[in-house]
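# Geometric and topological summary
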Amino acid sequence: RDLIGVASSSIIALHPGSGSATKNWPIENWIALGNFFLSRESMKAKVIVVGGEADEVQLRKLQSVWKNREVFFAKNLPLPVLAALLEHALFTGHDSGISHLAAAAGARCVLVFGPTNPAIWAPANENAQILRAPNGDLSALPVESVRDAIDSITN
């Protein structure tokens, strides 16, 4: 879908990938989180899924699930363009370079961390809230915890 006009809207950006599958929250959780945003009548924000070559499996799955929904997919954007898109967004992602870019650009971030240490690898920006999975197991981090963290920075 065309991203023209999206940048002037409120944006919820989701990045379901990273450089390593072990750092990824289960795709089913991303689907549930996206469905939550898509079902909120009061939310006028555009849902954008961002990713690069390393995220192709997750992006294909989400495109299949949301093929008839108002979701935009921003793949392989040049980093300056992606940073501009994320500047005023609400961003959710993992331990990844795109999460660092989002935090540096000014996005309000909720980042989920599993096996990697956020004290070492998370952005140090004040606009980045980190959720650590119990015992580093991302499958044990419930969708409700991420939704609550997102609600806490939007209210």
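We now turn to the structure provided with this report. (Residues numbered from 1 in each chain as written. Predicted model: local features only at pLDDT ≥ 70, side-chain atom pairs only at ≥ 80, totals over all residues. Heavy atoms only, no water.)

## Thoughts on the packing of helix α1 (residues 27-39) against helix α6 (residues 143-154)
How we decide: For helices, the fitted axis covers only the stretch in contact; all axes are lines through C-alpha atoms, and the angles between them, taken along N-to-C directions, range from 0 to 180 degrees. Secondary structure follows DSSP: runs of H or I at least 4 residues long count as helices, runs of E at least 2 residues long count as strands, and numbering of each begins at the N terminus. Under this scheme an angle from 65 to 115 degrees is roughly perpendicular, one under 35 degrees roughly parallel, and one over 145 degrees roughly antiparallel; angles in between are oblique. The sense of a crossing depends on the near helix, which, turned anticlockwise from the far helix by less than a right angle, makes the crossing left-handed and, turned clockwise, makes it right-handed. Only heavy atoms enter the contact rule, under which two residues are in contact if any of them lie within 4.5 Å. Any residue that is not Ala, Val, Leu, Ile, Met, Phe, Trp, Tyr, Cys, Pro, Asp, Glu, Lys or Arg is counted as polar, Gly included; the first ten are nonpolar and the last four charged.
Between α1 and α6, the least distance of the axes is 10 Å, while the angle of their chain directions is 45°. With respect to each other, α1 and α6 are oriented oblique. Of the two elements, α1 crosses α6, and the hand of that crossing is right-handed. Mapping the contact onto sequence places Asn-29, Ala-32, Leu-33, Phe-36 and Phe-37 in α1 and Val-143, Val-146, Arg-147 and Ile-150 in α6. Its residues placed into classes, the contact of α1 with α6 shows 7 nonpolar, 1 polar and 1 charged.

## A word on the packing of aromatic side chains
Threshold: Here a pair means two rings of Phe, Tyr or Trp (six-membered ring of Trp) with centres within 6.5 Å. Their orientation is stacked below 30 degrees between planes, edge-to-face above 60, and tilted elsewhere. Only protein chains enter the accessibility calculation, which uses a 1.4 Å probe. A residue is then buried if its area is under 20% of the maximum for its type, exposed if over 50%, and partly exposed in between.
Scanning the model with the defined rule gives 2 aromatic pairs in all. Between Trp-25 and Trp-30, the ring centres sit 5.3 Å apart and the planes meet at 85°, which makes this aromatic pair edge-to-face. Residue Trp-25 shares its accessibility class with Trp-30, and that shared class is buried. Look at Phe-36 and Phe-37: their rings are 5.5 Å apart centre to centre, the planes differ by 55°, and that puts the pair in the tilted class.

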